[in-house]
Amino acid sequence: MNRVIEAKKISRRFSTYRQDVLAVPEVSLCIDAGDLFLLTGPSGSGKSTLLNILSTLDTPSTGDVILNGTHLSSCSDDDLAAIRNEQYGFVFQTPHLIPHQSVLENVLLPTLYGNEIKPKDAKTRALELLDYVGLIDAMDHYPATLSGGELQRVVFARALIRQPDVIFADEPTGSLDADNSHRLLELLKDQAGSGKVVVMATHDRVAMSYATRSISLDKFDRDAN
Amino acid sequence: MRIDLRTVLLDMRIASKGLRVRRFRSTLSALGVGIGVLALVAMLSISEGANREIQQKIASLGTDTIRIDSQTSKTGTRAASELNLSQGLSIEDAEFLSNANNARVTIAPYWVRNQVRVSAQSKTASATIIGSSPSWFSNERLTIVRGRSLRESDLRTSAKRCVIGSTIAARLQLTVGDIATISTMNCQIVGVLHPKGALLTEGTGIASLNFDEIVVMPWSSFALSDMAEETQKIDGIVARVQSVRDESDVFAAAESLRGHLNRRHRGVQDYRIVVPLTLLQEARQTQTLFQLIMGSIAGLSLLVGGIGVMNIMLANVSEQTREIGLRMAVGATRLRIVTLYLCHAVLLCLAGSVCGILLGVFVALLVQWLVGWPVAFAIESLILGPLLALSAGIIFGLHPALVASRLNPVAALRDL
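Residues numbered from 1 in each chain as written. Chains lettered and ligands numbered in written order. Predicted model: local features only at pLDDT ≥ 70, side-chain atom pairs only at ≥ 80, totals over all residues. Heavy atoms only, no water.

Asker: Could you clarify how one ought to interpret the overall build of chain A in this entry?
Answerer: From N to C terminus, chain A includes seven helices and nine strands. Principal-axis analysis of the C-alpha atoms gives chain A an extent of 55 × 40 × 40 Å. Classification of the 225 residues of chain A by burial places 54% in the buried group. Considering only residue pairs separated by 6 or more positions, chain A has 74% of its internal contacts joining residues 24 or more positions apart. Of the roughly 10,100 Å² of accessible surface on chain A, 47% is carried by carbon and sulfur atoms. A gap of 2 Å separates the mean positions of the 22 positive and 30 negative side-chain charges of chain A. (Helix = DSSP H or I, 4+ residues; strand = E, 2+ residues; numbered from the N terminus. Buried < 20%, exposed > 50% of the residue type's maximum accessible area, 1.4 Å probe, protein only. Contact = heavy atoms within 4.5 Å. Areas by Shrake-Rupley, 256 points an atom, 1.4 Å probe, with all protein chains shown as cover. Lys, Arg positive; Asp, Glu negative; His and termini not counted. Charge placed at Lys NZ, Arg CZ, Asp CG, Glu CD.)

Structure, rendered in structure tokens:
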């Protein structure tokens, strides 16, 4: 299997004026192409923090993340922004959409940054994705007019617009009903099936059944660290 | 990551849409800058109007001329002149100055009588009568449209000939060769002046004179008429400095004339020397002061407007924290975030400056209409306003833009 992400002894510690908090104990993991990799554990176990570190939104206190052979600790802020733009897609628990932009404009958001994509090509791709997630008729709607499930599918379409290698999903089904959860998980599974990597932080038991590999953070003994 | 025109235009479009969402707040913020630009445009327009007026005035009076008025009409001065045996300006003074300065300064003495009755062919008009020499025409930059000017021979022979202003010629339907009765003297018209209008003397202390309503005759003829009260006393001298290289030549000539007259009049100031160039210098100083004061007001207005923009931008950044986090998550570099928020600030300031220019032009015209001050719109002022507003946008937008770019994407995304 093709190794895409490798994390070596990464940990994350937050310092406050009262105490040091170990949010993520020392973790090492490997994720290959085609994996639907789950980060599981109860609330507060550090799933989201680990996901943020793997997705370059946060930096580890110790250790390093290697993406396709590139050590991310040696990358500049601009390099990391380019990686997020071109190689990563994000699906958040709360569908972060820009309220004053239409569904289509929200899907096109990542194409405004990074290497230029011709507007016509970007729009064609966005329409294909909206069709894929079943929201082609809502392309001119604004986020306020959509349901929670529809919003998450818009976010999913946005995550795929740059045809990323890795999709990070942080509790994507957390605010969805069973039907919408199932639909979104199927879409994520399709992506993993097509050779992409899906990394998902969740404590949704249904989601766990879709995993090819997983890591549970509740097994770590924080006091020992 | 470099920023090119495409990305700037793209961010301008995004910023424009973002500002339209908060329309009322954006309008108020832009208005703050607009008031600054308004003050600037109005100030520069009024200043430019005053500048052009003074330039016209100086051009009318002549930058290379020196005007000397007799001051014997004032009681105190008359007493002093009589005590010192001075009789005010006289024709001998003019002749002395003419000889003393050789050909460097052309001297033209004149008598002037206002509201003299001129009649011809049963028509009557009131005119200002000038008794002078042929050099007076060149010193006053007058040109002849029909006929000829006065000649030295007219002066020597005390010829009853005259040159008339264009308005008098039209009013009395006179032309070259006609005879007009000036007071009680019959005079043959030898020339008609090209229309020139009035001498712009407002605020200079020089007696006003409308060249289109004058009749000019040789001073030797004037002295023989019933219009002359004292044949040796003249009302003034118009001197013109020849071959002027710079302003100092005119001032040097004026000092020379002052010295000669001072000696001849034994220190009695029964004359007054006016150098139009001095008026120009005074006007420049006044204008500089005006520009300084008004510029400070406009600058302060822009400063206050800029601070308003900064305040609004900080509020926008605070409200859009999640959006900024999202943009960073999907690949916006910190530089792109800076560019986006600078575009916000610049758009606000440019919109404000457009309103400011329009309102500034309106206010300037209103001032002209209400107060009567002349205004003129220099292209520089219409360019300077937006340029300063643009600078204010960049300067005052930079801090909020940097605040936005320094946000931690994870923390920003959590700002729900």
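Asker: Even after reading the chapter, I still don't get the interface of chain A and chain B, so can you show me in this structure?
Answerer: Bring the parts together and some accessible area is lost; that lost area is often taken as the interface size. Taken together, the 24 residues of chain A in the interface contact 24 residues of chain B. Interface area for chain A against chain B, summed over the two sides, is near 2,300 Å², with a carbon-plus-sulfur share of 59%. The partner of B:K17 in a salt bridge is A:E105, with the nearest N and O atoms 2.8 Å apart. Where chain A meets chain B, there are seven residue pairs in polar contact (both at pLDDT 80 or more). Considering every element that reaches the side of chain A that touches chain B, the biggest residue donor is helix 2 (residues 77-86) of chain A, with five residues. (Buried area = accessible area lost by both parts, 1.4 Å probe. Salt bridge = Lys/Arg side-chain N within 4 Å of Asp/Glu carboxyl O. Polar contact = N/O pair within 3.5 Å; in protein donor to acceptor, adjacent residues only side chain to side chain.)

Asker: Would you take a moment to explain the sheet that holds strand 4 (residues 62-67) of chain A for this structure?
Answerer: Adjacent strands of a sheet pair through backbone hydrogen bonds, lying either parallel or antiparallel. Residues and elements named next belong to chain A. Reading across the sheet, the four strands line up as 2-1-4-5 and stay open at both edges, with antiparallel pairing between neighbours. This sheet does not close on itself; its edge strands, each paired only once, are strand 2 (20-32) and strand 5 (70-71). Looking at chain direction, strand 1 (residues 3-15) and strand 4 are connected through five bridges and run antiparallel. Across the sheet, the residue bridging to I5 is L67, located in strand 4. Lying over the sheet, helix 1 (residues 47-54) contacts strand 1, strand 2 and strand 4, oriented at roughly 125° with respect to strand 1. (Pairing = 2+ DSSP bridges. Axes fitted to C-alpha atoms, helices over the stretch in contact; angles between N-to-C directions.)

Asker: Help me out: how do you make sense of empty space enclosed by the protein in this one?
Answerer: Counted under the stated rule, the structure contains two cavities of 30 Å³ or more. Each pocket or cavity is described by its volume, and for the largest cavity that value is around 70 Å³. If you trace the largest cavity, you find it lined by A:R84, A:N85, A:Y88, A:G89, A:F90, A:P110, A:R158, A:A159, A:I161, A:R162, B:A329 and B:V330. Those elements that provide at least two residues to the lining of the largest cavity are helix 2, strand 6 (88-91) and helix 5 (148-160) of chain A. Ranked by residue count, the leading element in the lining of the largest cavity is strand 6 of chain A, at three residues. A:H100, B:I14, B:G18, B:Q320, B:E323, B:R327, B:L340, B:Y341 and B:H344 are the residues that line the second largest cavity. Those elements that place two or more of their residues in the lining of the second largest cavity are helix 1 (5-21), helix 11 (321-329) and helix 12 (334-371) of chain B. Sort the elements by how many residues they give to the lining of the second largest cavity and helix 12 of chain B lands first, with three residues. Each residue belonging to the lining of the second largest cavity can be placed in one class, and the counts come to three nonpolar, four polar and two charged. (1 Å grid on protein atoms, 1.4 Å probe; cavity = no way out; pocket = protein on both sides within 12 Å on 5 of 7 lines; lining within 4 Å. Points joined across faces, edges and corners; volume = space filled by probe spheres on them. Nonpolar A, V, L, I, M, F, W, Y, C, P; charged D, E, K, R; others polar.)

Any functional reading would require information beyond the geometric quantities listed.
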